Amino acid sequence: MIETSTRNCSVAISEGERLLYALDDVSEKYSHAERLHRHIAGLLERAGWQYKDLDVVAVGSGPGSYTGLRIGVSAAKGFAYVLKIPVVTVMSLETLARGVRTEEGFIVPMIDARRMEAYTAVYDAAYRQVREVEAEILDEHSFAGYLDKTKVYFAGDAVPKFEKIRSHANAVFTDIRYPSAKDMLPVALEKIKHREFEDTAYFEPYYFKDFIVKRKKKPLI
């Protein structure tokens, strides 16, 4: 399992329903390209596996960092082609939500975008999605309809900036900042069970918004 939609370069391997090993490596510089394959090789070595022992690869599909997603999906496609194994995808917001353990209320994963914007969705305590993904401008009224009903657990790297502007008795601001590959397992297993495999040649990450390239300003003469 590969999750690279945020600053966390995260990998995990499992045998059936049993999680064997997982690794989370948070980098401020998004150095996933340098570390991802090294981490995968390290986990396989710990498990006593070889690459040929892999049966399927799961990868986080976004939304999130354009560069991070490209790196993760490219790696997954590479394994699929070389090893001739299928690929399943798991939405990164759901993976982030599954890092929260609760028996009540709602879970709001929020992945930082620009300024006061975040990629968000809403899940119930059983991880059923109850609101679609949005690129949301956060303000002091955000998620009022949910907060007025019950506890709402917020998770993700957009939480610190949201916490500064939002106050509510039902708001629980967790310290979970990034989606982790280990939390992909339940969704990946369900997709494998129903053979919900991606078309390796054509599937793309869920960027949600178009990638914007910023040109460097030329110095004034």
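This write-up is about the structure you can find in this document.

Calculation criteria
- Residues numbered from 1 in each chain as written.
- Predicted model: local features only at pLDDT ≥ 70, side-chain atom pairs only at ≥ 80, totals over all residues.
- Heavy atoms only, no water.
- Helix = DSSP H or I, 4+ residues; strand = E, 2+ residues; numbered from the N terminus.
- Rg over C-alpha atoms; globule rule 2.2 N^0.38 Å.
- Buried < 20%, exposed > 50% of the residue type's maximum accessible area, 1.4 Å probe, protein only.
- Contact = heavy atoms within 4.5 Å.
- Areas by Shrake-Rupley, 256 points an atom, 1.4 Å probe, with all protein chains shown as cover.
- Lys, Arg positive; Asp, Glu negative; His and termini not counted.
- Charge placed at Lys NZ, Arg CZ, Asp CG, Glu CD.
- Pairing = 2+ DSSP bridges.

Check the secondary structure of the chain and you find six helices and ten strands. For the chain, the C-alpha radius of gyration of 18 Å lies close to 17 Å, the compact-globule estimate for 221 residues. Taken over 221 residues, the chain has a buried fraction of 48%. Long-range contacts, defined here as pairs at least 24 residues apart, represent 61% of the contacts in the chain between residues at least 6 apart. For the chain, the accessible area works out to roughly 12,100 Å², and carbon and sulfur atoms hold 50% of it. On the chain, the mean spot of the 32 positive side-chain charges and the mean spot of the 32 negative ones are 7 Å from each other.

In this structure, T95 sits in helix α3 (residues 92-97). Look at T95 and you get buried, because its relative accessible area is 1%. Taking C-alpha positions, T95 is 22 Å from T150, a pair spaced 55 residues apart along the chain. Excluding residues that lie within four positions of it along the chain, T95 makes contacts with V90, P179, S180, D183 and M184.

Summarising burial for strand β2 (residues 8-15): six of the eight residues are buried, a large majority. Alignment of strand β1 (residues 2-3) against β2, held across two bridges, turns out to be antiparallel. Opposite E3, over in β2, you have S10 as the bridge partner. In textbook terms, the turn of a hairpin is the stretch between consecutive antiparallel strands, and for β1 and β2 this stretch comprises four residues. Relative to strand β3 (residues 18-26), β2 is paired through eight bridges, and the arrangement is antiparallel. Bridged to V11 within β3 is L23. Here β2 hands over to β3 after two residues, with G16 in that stretch at a positive phi of 65°.

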